[in-house]
Amino acid sequence: RRPPRSTPSNSSAASDVYKRQPKGSDMARIIDPYTNQEIEIKLDPTISAVQNAERLYSQARKSERGQQKIQHRIMKLEQELCRLDELNQSSDYHIIANILNIQPETLLGEPEMESIRKNELDYGAGIKKYTSSDGFVILVGRSAEANNRLTFHIAHKEDIWLHAESVKGAHTVIKLAGRNNVSEKALIEAASLAAFYSDAKHASLVPVVYTRRKYVHPIKGKVGQVRLDRGETIFVKPRNKIGE
C-alpha cells in the first residue's frame, strides 16, 4: 500500500523498518521522515509489523482530515465572532437589521419606524440635500462624520449609495422611498454630485461606483471609510447643480 501524498518520500524507508520487526515486538526505532531524527515507535505485539505500519498510517490520515475540519470550524467561528462584534458595536437599527437580515420594522414595529422616518427628514449638519430632475432625494455627506451618519444611520439598506472611485470624496445616497429602482436620470445626477464633491472634481470624466446601501460596510476604527461587497461603475462629468 502506497503512503498518502502528504507523507515524505523517505517514508518508504520507515515502512521497511516496520517490515523487518519480528512479530511480538512492542517497540521499533526508525528515522523520522520529517526531522531525520531517530525516534521510538510503540507497536502492538499482537499483530505483524506490516499491520502495525498500516494502522499508524491510517491514524495519520485521520489526523490530517481532522485538522482540516478543525480549521474550517475555526474559520466559521471567526466569521460569527466578527458578526457578533459588529452587532455589539452598533446602536443603529438599520445596521443591526441588515446584519440579522431582517426588516427594521421587525426590530421596532411600524409605529416607531414611522416616527423615526419623520425625524430623519432633518438630516443634520454636514449633509447637503438635492432633488433630482425627476423627484428623487439625493443626499451628500460633507465630512467623515457626516458620511458615516448618512450611510449607516440615514440611508435605508435598499437606497442607492455612490462614491467617486479610488479617491477621497463624499458619500452620496439616492433615497428610493419605497420605490424598487432608481431612474437613469437620477443616477447620473447623483453620480455627478459624488464626482464634484471628491478629489477628482477637476477631471473631465470621473468613474463613480454605485451599489445598494446594504452592500456597504464600515471599516472598524476608520470613521467614514467603507468596504463594498459589490458595485457597478458609471463615468460622469462632475457637477454641483442638478439639471445642468
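Note: the structure precedes this text.
I will try to describe carefully the structure that is included in this document. (Residues numbered from 1 in each chain as written. Predicted model: local features only at pLDDT ≥ 70, side-chain atom pairs only at ≥ 80, totals over all residues. Heavy atoms only, no water.)

## Looking at the overall build of the chain
Okay, so step 1: When helices and strands are tallied, the chain shows seven helices and ten strands.
Okay, so step 2: Looking at the chain as a whole, 37% of its 244 residues are labelled buried.
Okay, so step 3: At a minimum sequence separation of 6, the contacts of the chain that also span at least 24 residues come to 55%.
Okay, so step 4: Accessible surface, the chain: about 15000 Å² in total, of which carbon and sulfur atoms supply 50%. (Helix = DSSP H or I, 4+ residues; strand = E, 2+ residues; numbered from the N terminus. Buried < 20%, exposed > 50% of the residue type's maximum accessible area, 1.4 Å probe, protein only. Contact = heavy atoms within 4.5 Å. Areas by Shrake-Rupley, 256 points an atom, 1.4 Å probe, with all protein chains shown as cover.)

## What about the packing of aromatic side chains?
Okay, so step 1: All told, the structure shown has one aromatic pair when counted by the stated rule.
Okay, so step 2: Positioned above the aromatic ring of Phe136, the side-chain terminus of Arg179 is 3.7 Å from the ring centre. (Phe/Tyr/Trp six-rings, centres within 6.5 Å; stacked < 30°, edge-to-face > 60°. Lys NZ or Arg CZ within 6 Å of the ring centre and 35° of its normal.)

## Notes on the environment of Phe235
Okay, so step 1: In this fold, Phe235 is placed in strand E10 (residues 232-236).
Okay, so step 2: What makes Phe235 exposed here is its relative accessible area of 56%.
Okay, so step 3: The spatial distance from the C-alpha of Phe235 to the C-alpha of Ile188 is 8.7 Å, given a sequence separation of 47 residues.
Okay, so step 4: Dropping the residues within four chain positions of it, Phe235 is found in contact with Leu205, Val206 and Pro207.

## Focus: the pattern of salt bridges
Okay, so step 1: Applying the stated criterion to the full structure yields five salt bridges.
Okay, so step 2: One salt bridge in this structure joins Glu158 and Arg212, with 3.6 Å as the shortest N-O distance. Placement of Glu158 in the loop between helix H6 (144-154) and strand E5 (160-164) and of Arg212 in strand E7 (residues 206-212) is noted, with a sequence separation of 54 residues between them.
Okay, so step 3: Its salt-bridge partner being Lys175, residue Asp159 comes within 3.1 Å of it at the nearest N-O pair. Note that Asp159 is positioned in the loop between H6 and E5 and Lys175 in strand E6 (residues 172-175), a separation of 16 residues in sequence. Here Asp159 and Lys175 have matching classes, each one buried. (Salt bridge = Lys/Arg side-chain N within 4 Å of Asp/Glu carboxyl O.)

## Quick notes on the nonpolar core
Okay, so step 1: Counting 25 residues, the largest nonpolar core has Ile160, Leu162, Ile174, Leu187, Tyr197, Val208 and Ile234 as the members making the most contacts within it.
Okay, so step 2: For this core, the secondary-structure elements that each account for two or more residues are strand E4 (137-141), E5, helix H7 (184-196), E7 and E10.
Okay, so step 3: With residues near it in sequence (within four places) discarded, Tyr197 still touches Lys128, Tyr130, Val140, Arg142, Gly169, Ala170 and Asn240.
Okay, so step 4: Counting residues in each nonpolar core, the second largest holds 13 residues, with Tyr123, Leu150, Ala155 and Trp161 among its members. (Core = buried A, V, L, I, M, F, W, Y, C linked by side-chain atoms within 4.5 Å.)

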